[in-house]
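What follows is the residue order along each chain.
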Amino acid sequence: QVQLVESGGGLVQSGGSLRLACGFSGSAFSMYDMGWYRQAPGKQREMVATIMPGGTTNYADFVEGRFTISRDNADKTVYLQLNSLQPEDTAVYYCSAKFSDLGKVYGYWGQGTQVTVSS
């Protein structure tokens, strides 16, 4: 069974930075597609960034070069570096893990970490 635990959220002023971390417990971390999503109050959850087992990354358009996703397979951790934060980045940030095997998809979510950006 996979468990994801996020950390690193907090309150930061506009223009500031945070580094989120997601610890993965379970086996075969290096085979999982990992991602960060966020959900602001009253809005749907949206993709922020994803990183594939081989390191290929994908970012939402609103990131505009401000955020960087990375993974450390040895430590089974995925990171999201948040720079140039703006008030509209305020949301709960969730870590996700996805693995497909023989047509079956295994997906997991963390409990989320709050990021609040003050103006």
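Scroll up to find the structure this text is about.
Note on numbering: residues in each chain are counted from 1, in written sequence order. Only residues with pLDDT of at least 70 get local features here, since the model is predicted, and only at 80 or more are side-chain atom pairs given and counted; chain-wide, interface and lining totals rely on the full set of residues. The basis for the side-chain values is all heavy atoms of the structure; hydrogens and waters are excluded.

1. Considering the pairing of strand β5 (residues 46–51)
Then, in step 1: A pair of strands is labelled paired if DSSP reports no fewer than 2 bridges between them. Helix and strand assignments follow DSSP, with helices taken as H or I runs no shorter than four residues and strands as E runs no shorter than two, numbered in order from the N terminus. Alignment of strand β4 (residues 33–39) against β5, held across 5 bridges, turns out to be antiparallel. The partner of Trp36 across the bridge, within β5, is Ala49.
Then, in step 2: Between the end of β4 and the start of β5, which pair antiparallel, lie 6 residues, with Gly42 showing a positive phi angle near 80°.
Then, in step 3: Across 3 bridges, the pairing between β5 and strand β6 (residues 57–59) is antiparallel. Paired with Ala49 across the two strands is Tyr59, which belongs to β6.
Then, in step 4: The hairpin formed by β5 and β6 contains 5 residues between the paired strands, and Gly55 there has a positive phi angle of roughly 100°.

2. So, the sheet that holds strand β3 (residues 18–25)
Then, in step 1: If you walk across this open sheet you meet the 4 strands as β1-β3-β8-β7, and the pairing is antiparallel. Only two strands of the sheet have a single partner each, and these edge strands are β1 (3–7) and β7 (67–72). Across this sheet, the average inter-strand angle for adjacent strands is 15°, counted without regard to direction.
Then, in step 2: As paired strands, β3 and strand β8 (residues 77–82) are joined by 6 bridges and run antiparallel to one another. Looking across to β8, one finds that Leu18 is bridged to Leu82. Orientation is described by lines fitted to C-alpha atoms, with helices fitted over the stretch in contact, and by angles between N-to-C directions that extend from 0 to 180 degrees.

3. Concerning the pattern of salt bridges
Then, in step 1: By definition, a salt bridge exists where a carboxyl oxygen of Asp or Glu is found within 4 Å of a side-chain nitrogen of Lys or Arg. All chains considered together, the criterion is met by 3 salt bridges.
Then, in step 2: The closest approach of N and O atoms between Arg38 and Glu46, which form a salt bridge, is 2.8 Å.
Then, in step 3: Under the scheme applied here, a residue whose accessible area is under 20% of the maximum for its type counts as buried, over 50% as exposed, and between as partly exposed, the area being computed with a 1.4 Å probe on protein chains only. Of the residues examined, Glu46 reaches a relative accessible area of 33% and is grouped as partly exposed.
Then, in step 4: Across the pair Arg66 and Asp89 runs a salt bridge, and its minimum N-O distance is 2.7 Å. Here Arg66 is found in the loop between β6 and β7, whereas its partner Asp89 is found in the loop between β8 and β9 (91–101), with 23 residues between them in sequence.
Then, in step 5: Each of Arg38, Glu46, Arg66 and Asp89 takes part in one network of salt bridges that share partners.

4. Observations concerning the packing of aromatic side chains
Then, in step 1: Only rings of Phe, Tyr and Trp enter the pairing, Trp through its six-membered ring, and a pair is recorded when the two centres are within 6.5 Å. The plane angle decides the type: under 30 degrees is stacked, over 60 is edge-to-face, the rest tilted. What the rule picks out here adds up to 6 aromatic pairs.
Then, in step 2: Connected via pairs of aromatic rings, a cluster forms that spans Phe24, Phe29, Tyr32, Phe99, Tyr106 and Tyr108.
Then, in step 3: Geometrically, a lysine NZ or arginine CZ counts as sitting over a ring once it is within 6 Å of the ring centre and also within 35 degrees of the ring normal. Above the plane of the ring of Tyr94 lies Arg45, whose end atom (NZ or CZ) is 3.7 Å from the centre.
Then, in step 4: The side chain of Arg45 reaches across the aromatic face of Trp109, ending 4.5 Å from its centre.

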